Structure formats: C-alpha cells, structure tokens
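# Architecture at a glance
Below are the chains, spelled out letter by letter.
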Number of protein chains: 2
Amino acid sequence: MNIAVLGTGTVGDTIGSKLIDLGHTVMMGSRTTTNEKAQKFVAKHNGKATAGTFADACAFGEIIFNCTSGGGSMEALKSVGDNNLNGKIIIDISNPLDFSKGMPPTLSVVNTTSLGEEIQRTFPAAKVVKTLNTMWCGLMVNPVLINGGDHNVFMSGNDADAKQQVKELLKSFGWIETNIVDLGDITTARGPEMYLPIWLRIYGATNNGAFNIKIVK
Amino acid sequence: MNIAVLGTGTVGDTIGSKLIDLGHTVMMGSRTTTNEKAQKFVAKHNGKATAGTFADACAFGEIIFNCTSGGGSMEALKSVGDNNLNGKIIIDISNPLDFSKGMPPTLSVVNTTSLGEEIQRTFPAAKVVKTLNTMWCGLMVNPVLINGGDHNVFMSGNDADAKQQVKELLKSFGWIETNIVDLGDITTARGPEMYLPIWLRIYGATNNGAFNIKIVK
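Keep in mind that this is a model prediction, so the values were computed, not measured. (Residues numbered from 1 in each chain as written. Chains lettered and ligands numbered in written order. Predicted model: local features only at pLDDT ≥ 70, side-chain atom pairs only at ≥ 80, totals over all residues.)

The subject of this paragraph is the relation of the copies chain A and chain B. Note on the identical chains: chain A maps onto chain B by a rotation of 180° and an axial translation of 0.0 Å, with an RMSD of 0.0 Å. Here the copies are linked by what is in effect a two-fold axis. When the interface residues of chain A are mapped onto chain B, 100% of them are again interface residues, pointing to one common binding face. (Least-squares fit on C-alpha atoms with pLDDT ≥ 70 in both. Contact = placed C-beta atoms within 7 Å.)

One frequent convention defines the size of an interface as the accessible area lost when the parts assemble. Between chain A and chain B, the contact holds 35 residues from the first and 35 residues from the second. Those elements that provide at least two residues to the side of chain A that touches chain B are strand 7 (106-107), strand 10 (180-184), helix 8 (190-194), helix 9 (196-206) and strand 11 (212-216) of chain A. No other element matches the seven residues that helix 9 of chain A contributes to the side of chain A that touches chain B. Here the side of chain A that touches chain B is built from residues that sort into 18 nonpolar, eleven polar and six charged. Where strand 11 of chain A and strand 11 (residues 212-216) of chain B come together, five bridges link them in antiparallel fashion. Across the sheet, Ile213(A) pairs through a bridge with Ile215(B), a residue of strand 11 of chain B. (Helix = DSSP H or I, 4+ residues; strand = E, 2+ residues; numbered from the N terminus. Nonpolar A, V, L, I, M, F, W, Y, C, P; charged D, E, K, R; others polar. Pairing = 2+ DSSP bridges.)

All right, on to helix 7 (residues 160-173) of chain B then. Residues and elements named next belong to chain B. Between its first and last C-alpha atoms helix 7 spans 20 Å; for 14 residues at 1.5 Å apiece the expected length is 20 Å, and the two agree. Looking at helix 7, one finds that the buried residues are Ala162, Lys163, Val166, Leu169, Leu170 and Phe173. In an axial view of helix 7, the angular spread of the buried residues amounts to 120°, which keeps them on one side of the axis. Those residues of helix 7 that are exposed and aimed more than 90 degrees away from the buried face are Ala160, Asp161, Gln164 and Glu168. At its buried positions, helix 7 is contacted by helix 1 (10-21), strand 5 (89-92), strand 8 (127-131), helix 6 (137-140), strand 9 (153-157) and strand 10 (180-184). In the segment just after helix 7, Gly174 is the residue with positive phi, at about 115°. (Expected span 1.5 Å × (residues − 1). Buried ≥ 20, exposed ≤ 12 C-beta atoms within 10 Å, placed from the backbone. Arc of directions from axis to C-beta.)

In structure tokens:
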C-alpha cells in the first residue's frame, strides 16, 4: 500500500521503516522537499521510500500517518489542502505537548477537546483514527519487545471501516487483536491524550520509556 | 489508629469499612452531624465508628482520608480549619470531576495544576498524599480481587515520611509493595488525575469498572 508518513523525527522514521519492512511503499512528508532527515530516510530504504512536502506525501498516500509533533500537526495538515485528505484515513499518533511552560510538558488542547478531534473537525471528509500515542515509538511497531506483546493499545475514531483497517495495520505491527481497545468515537481521544501526563510521570519515576500498560480485570 | 474519613458516599463507606476491618477506629465526617448515611455507617460498625462534621472528624483523626467528591473537596476541607489539619496526613483519593458539561465528566482543575496540589497549596502545613484515585473503590481496598492483586497504584506527595506511612496503609489493604509507584512530589498528581478520562473511556468501552492497569516492561 502507498502510505504517507508526516514528520521526519524518530517517530516518523520508526513508523516509516516498519511500514517498509512490511512491504508498503512510503513517502515521508515534511515542510520542504529538501529536508535532510527525510533524505536520509529515503537513502537507507533504497527504492522503497520517497520524500516530499506534506502535500506531496498526502497526495501519494492512501493512508496518512501523522507523526509530526503535536504542536505542529495542525499547521502541517493545513498546508496539505482538503483535496489530498478527503476520504483518506489519517492515523493520528501525535500528542499535543506544550513545552513552553517547562518540563514536564503540559497539553496544548485538553479536557473539553483533543488534538484528534480538532483534526477531525478541521478536515470533516477525512477519517481520523487516534491510536498508538500512548507509548514509546519502539513499542508501537514492535509490541512483542515487552511482556510477550501482551499489553494494550487504544483506538478512537468515527468511521468503523477506517478503524477496522487501522486494526489490521496494528495487527501487522504485532498487536494482539484482543489488546486493541476501541474506545469509541473521536471524542474519546481525550482519554489517551490526557494519559500522557501519567506516562511522563511513570517514565520520570522509573527512568525507562520501554513500558506500557496492560488492562487487568 | 484514629482515622478520619471525609465523605459518606460509596467510596467513604468502602474505605471506612476496610479501615475498621483492619482494627482502626474511624470517624466519618460530613457537612452536618445528622447525615443519614453517616449514621448508617456508625450503626453497622457498632462501637468502632462515630460520625461528626468534617471538622470533628479531622480533630479526631491522626490520618485523614479525603473521600468527598472532587467538586466539594475544597469546601469540605476549608470548613475544617487549619488547626485540625496542620501536621496531619491527608490521603486525597478524590477526582476533580465536573459533571456540569454532561457525560462523561471533564476535570475542573487540569493540566497546569491538580486537586491534590490545590489542597496542598491551601493547607501548606498538612501532608497531602494523592493515591488510589485511579480505580473503582472496591479495588482500592481489595486489590486481590483481580489478577491476583498484581496491578499498580500511584502515590504523589512532598513528604517522604507521609508517603512511607501511606505505603504501609496500602500494603495493609493488600497492595504489593513493588506495585506502589511513587511518582514524586505533589505536582505529579496531575498524572493520575488526568488519567481519569481514559479510565472513563475504558469503562465505557468494556462495561466493567473492576479493572486496573498494570505497568509492563
């Protein structure tokens, strides 16, 4: 499948590389066509990856992974234009972290809304699915790294078919189907986004980002 | 030990009853001396429990459990007066849920502060420890109900001795010591309080409140 990965940081590189390992073709999107990290990504995946602007990538991709930093996500998507997003699945794995008030970061949108919802509201003809934002990117694409892969990932979105496709993609990453928790419509993205502060504090207390949570009952 | 339990709802009743089972003596505090639920609580624990105003209960207790609803916690504690709180441990298990905007609730304090911090700031000579707010009350006092007791509880507070005492109390409830995660000072209470929205969404998606999270790594 042709997939757009927006963002050239560690998260975009990790997601993009996994998608290529799985046989997909990836275009990495960034602000410019000459982004150095995007060029490195293309070089290391010879022939399986290209790079371009956010708009180029979204025009190319049937599915779009938003791996930009939360603070820049809306600007990146607005630069794309509706016509390259309409009808497509946007897998939003970003977190609206605001580092301007010091560490640990606060959330720039919170409580009565979420970044996932704001993206859906801004691009009503796209199908936004919030997922994977609750963990370190190494675990997103390789859940079996810890606890035999037995831990949870969440999913929020308005479109049932889009969520089904995202679930299949998550399963291809190694996620156990019963550990993928569909929380409901896109407003439920407030939950996983507001989980970030406790994630950051657990990370701070344990000095180890390679953890996740497992729901036990 | 003499312990104050503020609040006459299910949480206060559950915590108070467990404390009595463990041999403590409990005074349940509420707005009035004639609260019906408090009277029932006293009647069912003949001789081991008394009831009074929030101030009466705090004057009695060496340790104070705040089991009031988050929206009413500050008013309840302000009615107590500093002299009945100074130097004492306040175990704050409340959540600042705001139901005024409909269901699910939002948080009345969030992101750049937390209810735990606000209580600590308002009563600087008390020792506030935030804990237990991340689960259904049945699990707070009986963690072994699920997964053989192997799941996590968090703790935030400025005073190391107070946290040590709270840890002992949690262990007496059945918590495994290594599963009690000390997140740090009271500002870290933002994490467990902002966890509530995902708790509510998991509850909504699974229709079962008898769950908790276990950190896996």
